[in-house]
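Structural features, examined
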Amino acid sequence: MAAIYSLFIINKSGGLIFYKDYGSAERMDTNDSLRLASLWHSMHAISQQLSPTVGCSGIELLEADSFDLHCFQSLTGTKFFVVCEPRTQHMEGLLKLIYELYTDYVLKNPFYEMEMPIRCELFDLNLSQAIQKDRVALLGR
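Parameters and conventions
- Residues numbered from 1 in each chain as written.
- Predicted model: local features only at pLDDT ≥ 70, side-chain atom pairs only at ≥ 80, totals over all residues.
- Heavy atoms only, no water.
- UniProt positions renumbered as here; feature names shortened; annotations may be inferred.
- Pairing = 2+ DSSP bridges.
- Helix = DSSP H or I, 4+ residues; strand = E, 2+ residues; numbered from the N terminus.
- Axes fitted to C-alpha atoms, helices over the stretch in contact; angles between N-to-C directions.
- Expected span 1.5 Å × (residues − 1).
- Buried < 20%, exposed > 50% of the residue type's maximum accessible area, 1.4 Å probe, protein only.
- Arc of directions from axis to C-beta.
- Contact = heavy atoms within 4.5 Å.
- Phe/Tyr/Trp six-rings, centres within 6.5 Å; stacked < 30°, edge-to-face > 60°.

- As recorded in an unreviewed UniProt entry, the protein chain goes by the name Trafficking protein particle complex subunit, listed as coming from Tetracentron sinense.
- Under the UniProt heading Sequence similarities (unreviewed entry), the note attached to the protein chain is "Belongs to the TRAPP small subunits family. TRAPPC4 subfamily."
- For the record of the protein chain, the UniProt heading Subunit (unreviewed entry) holds the text "Part of the multisubunit transport protein particle (TRAPP) complex."

1. As for the sheet that holds strand 2 (residues 16-21)
- Strand order in the open sheet formed by 5 strands is 2-1-5-4-3, with antiparallel pairing between adjacent strands. The open sheet has two edge strands with one neighbour each: strand 2 and strand 3 (61-63). Along the sheet, successive strands turn relative to each other by an average axial angle of 10°, direction set aside.
- Sheet analysis places strand 4 (residues 68-73) next to strand 5 (residues 79-84), joined by 6 bridges and oriented antiparallel.

2. Remarks on helix 1 (residues 30-50)
- Relative to the 30 Å expected for 21 residues at 1.5 Å per residue, helix 1 spans 30 Å between its end C-alpha atoms, a close match to the ideal helical length.
- Within helix 1, burial applies to S33, A37, W40, H41, H44 and S47. Seen from one end, helix 1 has its buried residues packed into an arc of 135°, which puts them on one side. For helix 1, the exposed residues lying more than 90 degrees away from the buried face are R35, Q49 and L50.
- Where helix 1 is buried, its residues meet strand 1 (4-10), strand 2, strand 3, strand 4 and strand 5.

3. Side note on helix 2 (residues 91-107)
- With 17 residues, helix 2 ought to run about 24 Å at 1.5 Å a step, and its terminal C-alpha atoms sit 22 Å apart, in line with that.
- Within helix 2, the full set of buried residues consists of M91, L94, L95, I98, L101, Y102, T103 and V106.

4. A look at the packing of aromatic side chains
- If you walk through the whole model with that rule in mind, you get 8 aromatic pairs.
- Both rings, one in W40 and one in F81, keep their centres 5.7 Å apart while their planes meet at 40°; by these two values the pair is tilted. With W40 in helix 1 and F81 in strand 5, this pair connects stretches of sequence that are 41 residues apart. This pair shows no difference in class: W40 is buried, exactly as F81 is.
- Ring plane angle 80° and centroid distance 5.6 Å describe the contact between F80 and Y99, whose orientation is recorded as edge-to-face. Note that F80 is positioned in strand 5 and Y99 in helix 2, a separation of 19 residues in sequence.
- On the accessibility criterion, F80 (0% relative accessible area) is buried.
- Here the aromatic cluster, defined as three or more aromatic residues joined through ring pairs, consists of F8, Y19, W40 and F81.

If you want it as structure tokens, here you go:
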């Protein structure tokens, strides 16, 4: 069973710009993935406003019985979130690595238009390698 179920990248407006399924029990259809991304964007924004902590950046971890949802928000407002097995460790590091891949292979791509869906082979290839390395590391723990 995969430790990571799926990866979502949401632009600062709340639009889903990347979705990848990594072996969850049931693959979500396009409408469900769009709904989940929009819902998460809204929940994240509301949590920032309702937090009693000054400077709160929003929800970083949502724990449920059957999954965990880890989120990383960049300074530009782009959100990266991973749905994974419950109590999976070191997802913050993986999310930061995914962000680095995003900056290296997507943002530096002269053909990529900001806020649009990501279609970049080098990003996909390096992302797959990073996820595979993470799975191997999890098996070794």
